[in-house]
Amino acid sequence: MASLVEVQSVWLSGCTALAQGVGVGASIYLVDRTGRRTLVLYSLFFVALSLFLLGLTFYLARVESAPVTESLGHCTSHHTAFCYDCTIIEGCGFCGGSCANGTQYGPFNVDACPYNSEWIYDACPNQFGPLSVFIMMVYLLTFGLGMGGMPWLVCSEIFPQKYRSLAVSCSTATNWIGNLVVASTFLSI
């Protein structure tokens, strides 16, 4: 049986995908009514705005997490100003202001944590999580509205009939090579 976290992540993934689908559907309806340029410009503006706001929620999640007052063990070799910083270090967790060595079950040294403090290993509480999901849905909706489909439409229209198949093939290959580079390097960067 799936855990509540797994069920939530499936629903969140489905909702974000639905947001992009709604954006693409609205794009199909609006493309001839408002024009390609208008859709692309509005899409670019709201995509950039939502990505800025998404980054801001990630930053706020970090700086609004509990402050670290003491680092212990191998956790001292990293910059740990907040609970968020501590929990992203492999083998470190947070409890009552201390960043200490441990596992998901607790710290290696129980004296590292103040009495009755909660051991946090995987992720700190994030009050900005729902806002991040909402902004991600706005991003996908506005991306689907213009930037998702317009490049494909414009590519099929701008080339002369004689060269269209070759030109669209080249632009599609360039698109997918760019996607491959981004997907291959995103996590390491």
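Quick look at the structure, then. As a convention, each chain's residues are numbered from 1 in the sequence order in which they are written. Per-residue local features of the predicted model are confined to residues with pLDDT of at least 70, and side-chain atom pairs are confined, for both listing and counting, to 80 or more; whole-chain, interface and lining totals are unaffected and use all residues. Side-chain numbers come from the whole structure's heavy atoms, not from hydrogens or water.

1. A short note on the pairing of strand β2 (residues 92-95)
As a general feature of sheets, a regular strand has side chains that alternate between the two faces.
Okay, step 1: Relative accessibility decides the category of a residue: with a 1.4 Å probe and only protein chains considered, values under 20% of the type maximum give buried, values over 50% give exposed, and everything between is partly exposed. We count a stretch as a helix when DSSP gives it H or I for four or more residues in a row; a strand needs E for two or more, and each element gets its number in order from the N terminus. Burial along β2 is two-sided: C92 and F94 facing one way and G93 and C95 facing the other are all buried.
Okay, step 2: Pairing geometry for β2 and strand β3 (residues 98-103), over 4 bridges, is antiparallel. Residue pairing across strands places C92 opposite N101, the latter belonging to β3.
Okay, step 3: Hairpin connection from β2 to β3: 2 residues lie between these consecutive antiparallel strands, with G96 at a positive phi of about 50°. The rule for pairing is simple: two strands pair if DSSP sees at least two bridges between them.

2. Notes on the pattern of salt bridges
Okay, step 1: When a carboxyl oxygen of Asp or Glu lies within 4 Å of a side-chain nitrogen of Lys or Arg, that pair is called a salt bridge. All told, the structure shown has 3 salt bridges when counted by the stated rule.
Okay, step 2: Put simply, E157 and R36 hold a salt bridge, and the shortest N to O gap is 2.8 Å. Remark: R36 occurs in helix α2 (residues 36-63) and E157 occurs in helix α5 (residues 150-158); sequence separation between them is 121 residues.
Okay, step 3: Note on R36: relative accessible area 26%, which makes it partly exposed.
Okay, step 4: The salt bridge involving R62 is made with D85; its shortest N-O contact spans 2.7 Å.

3. Some details on the layout of surface pockets
Think of a ball as big as a water molecule: rolled over the atoms, this probe shows where empty space is left.
Okay, step 1: Put simply, the grid is 1 Å and covers the protein atoms alone, a cavity is a trapped set of points that fit a 1.4 Å probe, a pocket is an open set with protein on both sides within 12 Å along at least five of seven lines, and lining residues have an atom within 4 Å of a point. Grid points are joined across faces, edges and corners, and a volume is the space filled by probe spheres set on the points. Considered as a void within the structure, the largest pocket measures approximately 180 Å³ in volume.
Okay, step 2: Looking at the largest pocket, the residues that line it are F143, M147, G148, P151, W152, C155, S171, T172, N175 and N179.
Okay, step 3: Of all elements in the fold, only α4 (129-147), α5 and α6 (164-185) reach the threshold of two or more residues within the lining of the largest pocket.
Okay, step 4: Broken down by element, the lining of the largest pocket gets its largest block of residues, 4 residues, from α6.
Okay, step 5: Among the residues making up the lining of the largest pocket, the classes are represented as 5 nonpolar, 5 polar and no charged. Each residue gets one label: Ala, Val, Leu, Ile, Met, Phe, Trp, Tyr, Cys and Pro are nonpolar, Asp, Glu, Lys and Arg are charged, and the others, such as Gly, are polar.

4. What about the packing of aromatic side chains?
Okay, step 1: Pairing of aromatic side chains here covers Phe, Tyr and the six-membered ring of Trp, requires ring centres within 6.5 Å, and sorts the geometry by plane angle: under 30 degrees stacked, over 60 edge-to-face, intermediate tilted. Inspection of the entire model under this criterion finds 2 aromatic pairs.
Okay, step 2: Between F45 and F46 the ring centres are 5.0 Å apart and the planes differ by 80°, which places this aromatic pair in the edge-to-face class.
Okay, step 3: Owing to a relative accessible area of 35%, F46 belongs among the partly exposed residues under this scheme.
Okay, step 4: Lysine NZ or arginine CZ positioned within 6 Å of the ring centre and within 35 degrees of the ring normal marks a charge as sitting over the ring. Cation over ring: R33 sits above Y29, and NZ or CZ is 3.9 Å from the ring centre.

5. Structural notes on the state of the cysteines
Okay, step 1: In plain terms, two cysteine sulfur atoms within 2.5 Å form what is called a disulfide here. Counted according to the given criterion, the structure contains 4 disulfides.
Okay, step 2: Across the disulfide, C75 is cross-linked to C92 (sulfur-sulfur distance 2.0 Å). Because the sign of the S-S torsion sets the handedness, a value of about -115° for the bond joining C75 and C92 places this disulfide among the left-handed ones. In this pair, C75 sits in the loop between β1 (70-71) and α3 (83-87) while C92 sits in strand β2, placing the two residues 17 residues apart along the sequence.
Okay, step 3: Among the cysteines of the chain that take part in disulfides, numbered as they appear in the sequence, the pairing is 1-4, 2-8, 3-6, 5-7.
Okay, step 4: Looking at C155, it has no disulfide partner, and the nearest cysteine sulfur is the one in C170, 11 Å off.

6. Points about the environment of S169
Okay, step 1: Following the sequence through the fold, S169 ends up in helix α6.
Okay, step 2: Throughout this description, a polar contact denotes any pair of N or O atoms lying within 3.5 Å of each other; where both atoms belong to protein, one of them has to be capable of donating a hydrogen while the other can accept it, and for residues adjacent in sequence the pair is counted only when both atoms sit in side chains. A polar side-chain atom of S169 sits 2.7 Å from the main-chain carbonyl oxygen of S165.

7. Observations regarding the side chain of T80
Okay, step 1: If you trace the backbone, T80 turns up in the loop between β1 and α3.
Okay, step 2: Taking the relative accessible area as the measure of exposure, T80 reaches 9% and is therefore buried.
Okay, step 3: Side chain to side chain, T80 and S71 meet in a polar contact 2.7 Å long.
Okay, step 4: We call two residues in contact when some of their heavy atoms are within 4.5 Å. Sequence-distant contacts of T80, that is, excluding residues within four places in its chain, are made with V68, S71, C75, D85, C86, I89 and C99.

8. Quick look at the nonpolar core
Okay, step 1: Among the nonpolar cores identified, the biggest contains 10 residues, and these are V68, C75, C83, C86, I89, C92, F94, C99, I120 and C124.
Okay, step 2: Other than its neighbours up to four places away in sequence, V68 contacts T80, A81, F82, C83, C86, F94, G97 and C99.
Okay, step 3: Ranked by size, the runner-up nonpolar core spans 5 residues in total, among them C95, A100, A112 and C113. Here, nonpolar core refers to any group of buried Ala, Val, Leu, Ile, Met, Phe, Trp, Tyr and Cys residues whose side-chain atoms link them within 4.5 Å.

Spatial relationships are all this shows, so hold off on functional conclusions.
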